[in-house]
Amino acid sequence: MTSQQSAGKAGTHRTGPVHTRIRPFNTADTYPEQHLSNDLAQAVVANDTVYLRGQIGQDLLTRENVGVGDVAAQAEQAMANIAMLLDECGSRLAEIVKITVYLTDIRHREAVYRVMGRWLAGVHYVSTGLVVTALARPEWLVEIDATAVIPAARAAEAAAHRASRTATADGTEAGR
């Protein structure tokens, strides 16, 4: 029997989301000048895996840009955002398994990787670095996305942590 066949059997169909969305938003609010309307989230927890949206030099609470023209300051803010989002998901920096770094100029590599090295000393993650023509806004010089895990020993604790932070079943965070 294929997985598609077994999914159609009575009692095996899931209702509702099978993952948790952290800090959901719509791009119409984030990029009003671009005439977009996409429903996204800053993080998604699926089983024991945490997927983070690419983080840039922008304060997640105020949406203010940080470090315009200063790639190290932008990388610092991106890493602070990653640490905060992982905490909200019930994970930790030490549990990062993969990072992807997008740079708008190869000359920014040393400054960005020095910042990442301070935040992630001893983690031994895998990494991909790309140089791109541009990011979503011209003032953004670096974007860092990360994937982390939640160890089985802390899965129940992490789920309770996320549940205590959410106001509704769709993962909308309370107080934000």
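Higher on the page you've got the structure.
What counts, and where the lines are drawn
Residues numbered from 1 in each chain as written. Predicted model: local features only at pLDDT ≥ 70, side-chain atom pairs only at ≥ 80, totals over all residues. Heavy atoms only, no water. Pairing = 2+ DSSP bridges. Helix = DSSP H or I, 4+ residues; strand = E, 2+ residues; numbered from the N terminus. Right-handed = clockwise from strand over helix to strand, strands pointing away. Axes fitted to C-alpha atoms, helices over the stretch in contact; angles between N-to-C directions. Contact = heavy atoms within 4.5 Å.

Draft legend 1. Focus on the pairing of strand β5 (residues 126–131). The pairing of strand β4 (residues 96–103) with β5 spans six bridges and is classified as parallel. Paired with K98 across the bridge in β5 is V126. After leaving β4, the chain enters helix α4 (residues 109–119) and then returns to the sheet as β5, a path that is right-handed.

Draft legend 2. Focus on the sheet that holds β4. If you walk across this open sheet you meet the six strands as β1-β2-β3-β6-β4-β5, and the pairing is mixed. Either end of the sheet is taken by a strand with one partner, and the two such strands are β1 (19–26) and β5. In this sheet, adjacent strand axes meet at a mean angle of 15 degrees when their direction is disregarded. Contacting β1, β2 (39–46), β3 (49–52), β4 and β6 (142–149), helix α3 (residues 71–89) runs over the sheet at an angle of about 25 degrees to β6.

Draft legend 3. Looking closely at unusual backbone geometry. In this structure, R23 is a non-glycine residue whose phi angle is positive, near 55 degrees. You can see R23 is positioned in strand β1. Phi at H124 is positive, roughly 60 degrees, even though this residue is not glycine. Position of H124 among the secondary structure elements: in the loop between α4 and β5.

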